[in-house]
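Report on the structure
Here's the letter readout for the chains.
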Protein chains: 2
Amino acid sequence: MKQLKIFLADDHLLIREGLKKILAAEKEFIVVGESGHPDDVIDYFNKEGADILILDLNMPGRSGLDVLKHVKRIKPETKILVLSMYPEDQFAERTIKAGASGYITKESASEELMKALHKIAKGGNYVSNSLAEKLLFKKKIVSDQKPHEVLSDRELQIMILLAQGKTQVEISDELSLSTSTINTYRSRILEKLNLKSNAEIIRYAIQNKLI
Amino acid sequence: MKQLKIFLADDHLLIREGLKKILAAEKEFIVVGESGHPDDVIDYFNKEGADILILDLNMPGRSGLDVLKHVKRIKPETKILVLSMYPEDQFAERTIKAGASGYITKESASEELMKALHKIAKGGNYVSNSLAEKLLFKKKIVSDQKPHEVLSDRELQIMILLAQGKTQVEISDELSLSTSTINTYRSRILEKLNLKSNAEIIRYAIQNKLI
DNA sequence: TTTCATTGTAGTATTTTTACGACAGGAGAT
DNA sequence: ATCTCCTGTCGTAAAAATACTACAATGAAA
């Protein structure tokens, strides 16, 4: 049987090690690389590539979503399983739209991880039942859309960084953008969400469990 | 050799499973229980108890710190190793004060986890080198009073206004003081509470129900 | 009683943030 | 095809925040 090459992207070493041990139980999977840095992930996929990328969304700097899109662009055949800390509904939809094959949270059991992996290995998609329900339900009831869902990906990314208390300068460095650019995103976020200051951004983010 | 009973408290199942696999490598340790819910942890220690509690601070509801104190009260002989997502030295200090025997982050390697476990199993304490340094440089804060209780009245007043998102200019107008004055209070607040930005002030204030 | 930390207050010099305007590329609508 | 909105990007000028330094009054400690 051909082994499937898996790359682990998660910024917590302890978690990567745990995942490796879990994956080691099945001979079908072999971990060929791992890293906690977005850039490493991109580097690796530029050069080597793997069958499956297990990707944590919460890496520092460049957002997980960015990495996802990048990998999908340079190696479209890569299957990506997103592993997030956040309760499903916040990000799941965006990641699926961006090309992920599956989305599970760190609250999942390892059986669920395996199920998801097997499914996407065969070319399928995997989302938890509860998430699937929510997504279906949402199509119909547009009304209870959270305000921040109208933000573009970039805007949401900036919003979260701002909410974490990063300064514009830090963010612009991290993303290699001009501070003006960050500032423009900020303005748009304030406008779209009808907020007035970073303080309100933080409170909004805390209330909506974005951070 | 007597095995040491370990209880795992972390709200991410996947992480608990990873930890179990890692711990399984050493016969000295045996995982006797696990849970992602603070209340379960407390229940367990009310009834059974274990030698070591590996505790994630970021559990939902009742804070990890709460759990820590509770367990220490009902079973003071329990050794507690705190496993946090946050690099924040802020938390570290409080957890140690609250009775934890060690503090490591999820960025640690599993070797570090083992080192920490062995050390505290023998009755020692473990903090990472970098953290130890930081703690040395910091001045002592008295017992278990809330950090913000060391603020002077004026400082607390300013802190609350800042936490509400008021700008220095607004505050100085409101109080008929120079913005410089407000700024000085702010600096002192940051120093006393060991915070670094307004964002942290806001989070601190929300967490401590100051606003 | 001298010393020393704490508090309330402010000025100055830099950095940062902010408001605003600008522009190009893509997607949808007409 | 053309128009228009949205997105991603940036620059500039003005406003605000920040890091320092400073100093007097109070009060506690030695």
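Not measured: the values here are computed from a predicted model. (Residues numbered from 1 in each chain as written. Chains lettered and ligands numbered in written order. Predicted model: local features only at pLDDT ≥ 70, side-chain atom pairs only at ≥ 80, totals over all residues. Heavy atoms only, no water.)

Another aspect to go through is the overall build of chain A. Scanning chain A from N- to C-terminus turns up 10 helices and six strands. Evaluated residue by residue, chain A yields a buried proportion of 50% over its 211 residues. For chain A, long-range pairs separated by at least 24 residues make up 64% of all intrachain contacts whose partners lie at least 6 apart in sequence. Put simply, chain A shows about 9,900 Å² of open surface, and 51% of that area lies on carbon and sulfur atoms. (Helix = DSSP H or I, 4+ residues; strand = E, 2+ residues; numbered from the N terminus. Buried < 20%, exposed > 50% of the residue type's maximum accessible area, 1.4 Å probe, protein only. Contact = heavy atoms within 4.5 Å. Areas by Shrake-Rupley, 256 points an atom, 1.4 Å probe, with all protein chains shown as cover.)

What follows deals with the pattern of salt bridges. All names here are of chain B. Per the stated rule, a full pass over the model turns up 13 salt bridges over all chains. When the shortest N-O distance is used, the salt bridge between Lys 106 and Asp 56 registers 3.4 Å. With Lys 106 in the loop between strand 5 (102-105) and helix 5 (110-121) and Asp 56 in strand 3 (residues 52-56), the pair connects residues that are 50 residues apart, well separated along the chain. Asp 56 matches Lys 106 in its accessibility class, with the two residues each being buried. The salt bridge involving Glu 174 is made with Lys 166; its shortest N-O contact spans 3.4 Å. Of the residues examined, Lys 166 reaches a relative accessible area of 27% and is grouped as partly exposed. (Salt bridge = Lys/Arg side-chain N within 4 Å of Asp/Glu carboxyl O.)

Turning our attention to the nonpolar core. Judged by nonpolar contacts, the single largest core of 40 residues is most densely connected at Ile 54, Leu 113 and Leu 117 of chain A together with Ile 54, Leu 113 and Leu 117 of chain B. Apart from residues lying up to four places away in sequence, Leu 117 of chain A is in contact with Ile 6, Leu 23, Phe 29, Ile 52, Ile 54 and Leu 81 of chain A. (Core = buried A, V, L, I, M, F, W, Y, C linked by side-chain atoms within 4.5 Å.)

Near DNA strand C lie 17 residues; those nearest to it are Ser 152, Thr 181, Thr 184, Tyr 185 and Arg 188 of chain B. Within 4 Å of the protein, the contacting atoms of DNA strand C are drawn from sugar and phosphate to the extent of 52%. Between a base nitrogen of DNA strand C and a side-chain N or O atom of Thr 184 of chain B, the distance comes to 2.6 Å. Tyr 185 of chain B is positioned with one of its side-chain polar atoms (N or O) 2.9 Å from a phosphate oxygen of DNA strand C. Mapped onto the surface near DNA strand C, the elements with two or more residues apiece are helix 8 (168-175) and helix 9 (179-193) of chain A together with helix 9 (179-193) of chain B. Counting residues per element, the surface near DNA strand C draws most heavily on helix 9 of chain B, at six residues. Tallied by class, residues from the surface near DNA strand C come to three nonpolar, nine polar and five charged. (Near = heavy atom within 4 Å. Polar contact = N/O pair within 3.5 Å; in protein donor to acceptor, adjacent residues only side chain to side chain. Nonpolar A, V, L, I, M, F, W, Y, C, P; charged D, E, K, R; others polar.)

We now examine the sheet that holds strand 5 of chain B. All names here are of chain B. Reading across from one edge, 2-1-3-4-5-6 is the order of the six strands in this open sheet, with parallel pairing throughout. Sheet topology places strand 2 (29-35) and strand 6 (126-127) at the edges, where each strand pairs with a single neighbour. Relative to strand 2, helix 1 (residues 13-24) is tilted by about 170°, and along the sheet it contacts strand 1 (4-9), strand 2, strand 3 and strand 4 (79-84). Against the sheet, helix 2 (residues 38-47) makes contact with strand 1, strand 2 and strand 3, and its axis sits at roughly 155° relative to strand 1, the strand it touches most. (Pairing = 2+ DSSP bridges. Axes fitted to C-alpha atoms, helices over the stretch in contact; angles between N-to-C directions.)

Between the first and last C-alpha of helix 1 (residues 13-24) of chain A there are 16 Å, a value that for 12 residues agrees with the 16 Å anticipated at 1.5 Å per step. Of the residues making up helix 1 of chain A, those classed as buried are Leu 14, Ile 15, Arg 16, Glu 17, Gly 18, Leu 19, Ile 22 and Leu 23 of chain A. (Expected span 1.5 Å × (residues − 1).)

Right, let's talk about the pairing of strand 5 (residues 102-105) of chain A for a bit. Residues in a regular strand project their side chains so that they alternate between the two faces of the sheet. All names here are of chain A. Every second residue of strand 5 is oriented toward a common face, with Gly 102 and Ile 104 on one face and Tyr 103 and Thr 105 on the other, all of them buried. Relative to strand 5, strand 4 (residues 79-84) runs parallel, the two being bridged by four bridges. In the strand pairing of strand 5, Leu 81 is matched with Gly 102. Two strands pair when backbone bridges link them, and strand 5 and strand 6 (residues 126-127) are joined in this way by two bridges, in the parallel orientation. Opposite Tyr 103, over in strand 6, you have Val 127 as the bridge partner. In this view, the connection linking strand 5 to its parallel neighbour strand 6 by way of helix 5 (residues 110-121) has left-handed handedness. (Right-handed = clockwise from strand over helix to strand, strands pointing away.)

Moving on, we come to the interface of chain B and chain A. Facing the 27 residues of chain B at the interface are 26 residues of chain A. Together chain B and chain A conceal approximately 2,300 Å² of surface at their shared face, both sides included; 69% is due to carbon and sulfur atoms. Our count for the chain B to chain A interface comes out at zero salt bridges. Connecting chain B to chain A are nine residue pairs in polar contact (both at pLDDT 80 or more). Of all the secondary-structure elements, those providing two or more residues to the side of chain B that touches chain A are helix 1, helix 5 and helix 10 (198-207) of chain B. With eight residues, the top contributor of residues to the side of chain B that touches chain A is helix 1 of chain B. (Buried area = accessible area lost by both parts, 1.4 Å probe.)

All names here are of chain A. Buried within helix 8 are the following residues: Ile 171, Ser 172 and Leu 175. Seen from one end, helix 8 has its buried residues packed into an arc of 95°, which puts them on one side. For helix 8, the secondary structure elements touched by its buried residues are helix 7 (153-163) and helix 9. Immediately downstream of helix 8, the backbone of Ser 176 shows phi near 50°, a positive value. (Arc of directions from axis to C-beta.)

What follows covers the sheet that holds strand 2 (residues 29-35) of chain A. Residue and element names in this part refer to chain A. Pairing in this open sheet of six strands is parallel, and the strands run 2-1-3-4-5-6 from one edge to the other. Strand pairing shows two members of the sheet lacking a second neighbour, strand 2 and strand 6, which therefore form its edges. By the bridge criterion, four bridges tie strand 1 (residues 4-9) to strand 3 (residues 52-56) in an arrangement that is parallel. Residue pairing for strand 3: Ile 6 is matched across the bridge by Ile 52. Sheet strands touched by helix 1: strand 1, strand 2, strand 3 and strand 4. Its angle to strand 2, the strand with the most contacts, is close to 170°. Strands in contact with helix 2 (residues 38-47) are strand 1, strand 2 and strand 3; relative to strand 1, the strand with the most contacts, it is inclined by about 155°.

Keep in mind that these numbers describe shape and distance, not what the molecule does.
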